[in-house]
Amino acid sequence: MAAALVRIRAIGFRATALVPHRGFASALEGGKDGRVEGEIKKSVFISQSYDIFTNLALEDWIYRNFDFKNHHVLMLWSNNPCVVIGRHQNPWVESNISALERNGVVLARRNSGGGTVYHDRGNLNCTFFTPRERYNRKYNLNLITRALFREWSIKADISDRDDILFRGKKISGTAAKLGQPNAYHHCTLLVNTNKDQLTQALVMEKGDIQSRATKSVPAQVKNLTDANKQVNVPQLLSAIGYEFLRTNATELIDGGRELVMKQRGFQLINPTEKWFPGITALRDNFEAWDWRFGRTPKFSVEKSIELKSEEKIHSVKLHVDVEGGIMTEIALILSPGGERIPVVSSLKGREYSDDNLNGIIAALKGVSAENVKLAMNNL
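Residues numbered from 1 in each chain as written. Predicted model: local features only at pLDDT ≥ 70, side-chain atom pairs only at ≥ 80, totals over all residues. Heavy atoms only, no water.

Regarding the side chain of Arg 109
Move 1: Within the secondary structure layout, Arg 109 lies in strand 5 (residues 106–109).
Move 2: At 9.3 Å, Glu 94 is the nearest oppositely charged side chain to Arg 109, a buried residue that forms no salt bridge.
Move 3: A polar atom in the side chain of Arg 109 sits 3.0 Å from the backbone oxygen of Arg 87.
Move 4: A distance of 3.0 Å separates the side chain of Arg 109 from the side chain of Thr 296, its partner in a polar contact. (Helix = DSSP H or I, 4+ residues; strand = E, 2+ residues; numbered from the N terminus. Buried < 20%, exposed > 50% of the residue type's maximum accessible area, 1.4 Å probe, protein only. Lys, Arg positive; Asp, Glu negative; His and termini not counted. Salt bridge = Lys/Arg side-chain N within 4 Å of Asp/Glu carboxyl O. Polar contact = N/O pair within 3.5 Å; in protein donor to acceptor, adjacent residues only side chain to side chain.)

Structure below.
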């Protein structure tokens with residue numbers, strides 16, 4: 001962060017920590033302050049938190065409470081290691097939950113759609129806030145690619161899916177929330193993220209999960225340091241923030257230093273209850289099991305297991321229906337296309353997890369076919 005602030009001072013600009021005054025939103029939302037009516041000012045907010053739930057809450061708070069009619073905002077933020085799924089996704093399809101728990105990586109669900117991403121301190125996240133009628137993904141993505149070229153001569157491309165690519169590999173994904181009157185578009189840039197941890201977190205073992213949830217589109221990824229070893233998060237934060245401030249609010253026209261000096265500048269944001277009343281409740285909602293897992297669209301799981309009968313081994317399938325993250329039905333399918341035999345289990349009505357699923361399988365596995373009914377009743 002220090003490197004970024006040094007560069008900001010070097011261009012004659014000042015980074016400040018905002019102090020609440022008459023309510024944080026009202027102090028920033030504009031109004032008659034001597035400027036030409038209808039002129040759009042810009043601010044770059046730099047979150048001082050690295051907690052994914054706090055940053056999602058901050059993003060949501062700004063979206064809910066700000067008036068962006070005369071004030072566009074770019075929020076820049078980074079997180080400690082975490083996996084962030086889209087609003088309509090299935091975490092058990094998108095990530096390796098067991099690997100996340102072993103490695104101390106948090107799973108979060110955001111409010112926008114789109115696919116799953118991995119964050120760590122080697123990522124920079126950008127959220128562009130505007131009124132709905134001025135929402136413009138291409139503007140934002142071009143602004144980022146211009147910053148990369150201006151600072152490091154990196155020539156990046158924008159794909160048809162609105163990803164940013166370097167030599168055909170993905171360095172940034174994108175998602176959005178469109179509401180009324182506000183909207184935001186956010187993306188994450190891979191700077192020097194831990195790609196081994198990313199792979200462990202996102203590569204799932206092949207399983208039999210049937211789900212209508214939105215699925216991520218696999219893509220090869222690349223760090224910006226692969227393009228230029230000099231790229232780092234603080235300098236990238238400064239470069240994108242400066243590009244945002246020097247660019248006309250509605251067109252990709254470079255206003256240079258003169259336009260930068262008319263803006264509201266870089267502002268260090270402390271996402272606390274004192275600054276943002278109600279942000280603690282928002283954070284608690286993002287962290288809650290009901291939001292992260294319970295909001296998963298209905299899905300079912302099937303696992304093959306073996307039952308012994310005298311000297312024969314019979315392959316059957318365990319079928320589990322999951323709704324709201326809860327196991328609602330547990331059954332055995334004894335033959336392909338056969339009827340489901342309900343399993344009476346104390347785990348029915350419990351949260352779906354790898355441990356609970358494996359507990360059912362362990363209780364059934366290797367049980368003689370003659371005693372299947374008895375085994376079912378004793379699960």
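Considering the state of the cysteines
Move 1: If you walk through the whole model with that rule in mind, you get zero disulfides.
Move 2: Free cysteine Cys 126: the closest other cysteine sulfur is in Cys 187, separated by 4.6 Å.
Move 3: When its relative accessible area of 0% is taken as the criterion, Cys 126 is described as buried. (Disulfide = S-S within 2.5 Å.)

Notes on the packing of aromatic side chains
Each aromatic ring pair is described using two quantities: the centre-to-centre distance and the angle formed by the ring planes.
Move 1: With the rule as written, the count across this model stands at 15 aromatic pairs.
Move 2: Between Trp 61 and Phe 276 the ring centres are 4.9 Å apart and the planes differ by 80°, which places this aromatic pair in the edge-to-face class. In this pair, Trp 61 sits in helix 3 (residues 52–65) while Phe 276 sits in the loop between strand 13 (265–269) and helix 11 (279–287), placing the two residues 215 residues apart along the sequence. Phe 276 carries the same exposure label as Trp 61, and that label is buried. (Phe/Tyr/Trp six-rings, centres within 6.5 Å; stacked < 30°, edge-to-face > 60°.)

With respect to helix 9 (residues 233–246)
Since there are 3.6 residues in each turn of an α-helix, residues three or four apart along the chain are aligned in direction.
Move 1: Taking 1.5 Å per residue, 14 residues should reach 20 Å; helix 9 reaches 20 Å between its end C-alpha atoms and fits that length.
Move 2: Within helix 9, 12 of the 14 residues are buried, which leaves it mostly tucked inside the rest of the structure.
Move 3: The set of residues buried in helix 9 consists of Val 233, Leu 236, Leu 237, Ser 238, Ala 239, Ile 240, Gly 241, Tyr 242, Glu 243, Phe 244, Leu 245 and Arg 246.
Move 4: Regarding helix 9, its N-cap is Asn 232, as a side-chain oxygen of that residue lies 2.8 Å from the backbone nitrogen of Gln 235 further along. (Expected span 1.5 Å × (residues − 1).)

Overview of the sheet that holds strand 5
Move 1: The strand order across the open sheet formed by three strands is 5-4-6, and the pairing between neighbours is mixed. Whereas interior strands pair on both sides, the edge strands pair on one side only; in this sheet they are strand 5 and strand 6 (117–119). Within this sheet the neighbouring strands show an average axis-to-axis angle of 25°, counted without direction.
Move 2: Where strand 4 (residues 82–85) meets strand 5, four bridges bridge the pair, whose relative direction is parallel. Within strand 5, the residue paired with Val 83 across the bridge is Leu 107. (Pairing = 2+ DSSP bridges. Axes fitted to C-alpha atoms, helices over the stretch in contact; angles between N-to-C directions.)

Re the pairing of strand 3 (residues 71–77)
Move 1: Most of strand 3 sits inside the fold, with seven of its seven residues counted as buried.
Move 2: Side chains His 71, Val 73, Met 75 and Trp 77 project from strand 3 onto one buried face, and the interleaved His 72, Leu 74 and Leu 76 project onto a second face that is buried too.
Move 3: When strand 2 (residues 41–47) meets strand 3, the two strands line up parallel, connected through six bridges. Pairing of Ile 46 across the sheet is with Leu 76, part of strand 3.
Move 4: Remark: the strand 2/helix 3/strand 3 crossover connection has right-handed handedness.
Move 5: Across five bridges, the pairing between strand 3 and strand 7 (residues 123–131) is antiparallel. Within the sheet, the bridge partner assigned to Val 73 lies in strand 7 and is Phe 129. (Right-handed = clockwise from strand over helix to strand, strands pointing away.)

Concerning the nonpolar core
Move 1: Residues Leu 124, Cys 126, Ile 144, Leu 148, Leu 224, Leu 236 and Ile 240 are the most contacted members of the largest nonpolar core, which totals 35 residues.
Move 2: Counting only elements with at least two residues in this core, the list comes to strand 2, strand 3, strand 7, helix 6 (137–152), strand 9 (164–166), strand 11 (182–190), helix 9 and strand 13.
Move 3: Per-element tally for this core: the top contributor is helix 9, with eight residues.
Move 4: Apart from the residues within four sequence positions on either side, Leu 124 is in contact with Leu 76, Trp 77, Ser 78, Cys 187, Thr 188, Leu 189, Val 191, Val 233, Leu 236, Leu 237 and Ile 240.
Move 5: Membership of the second largest hydrophobic core comes to 29 residues, among which are Val 83, Tyr 118, Ala 201 and Ile 360. (Core = buried A, V, L, I, M, F, W, Y, C linked by side-chain atoms within 4.5 Å. Contact = heavy atoms within 4.5 Å.)

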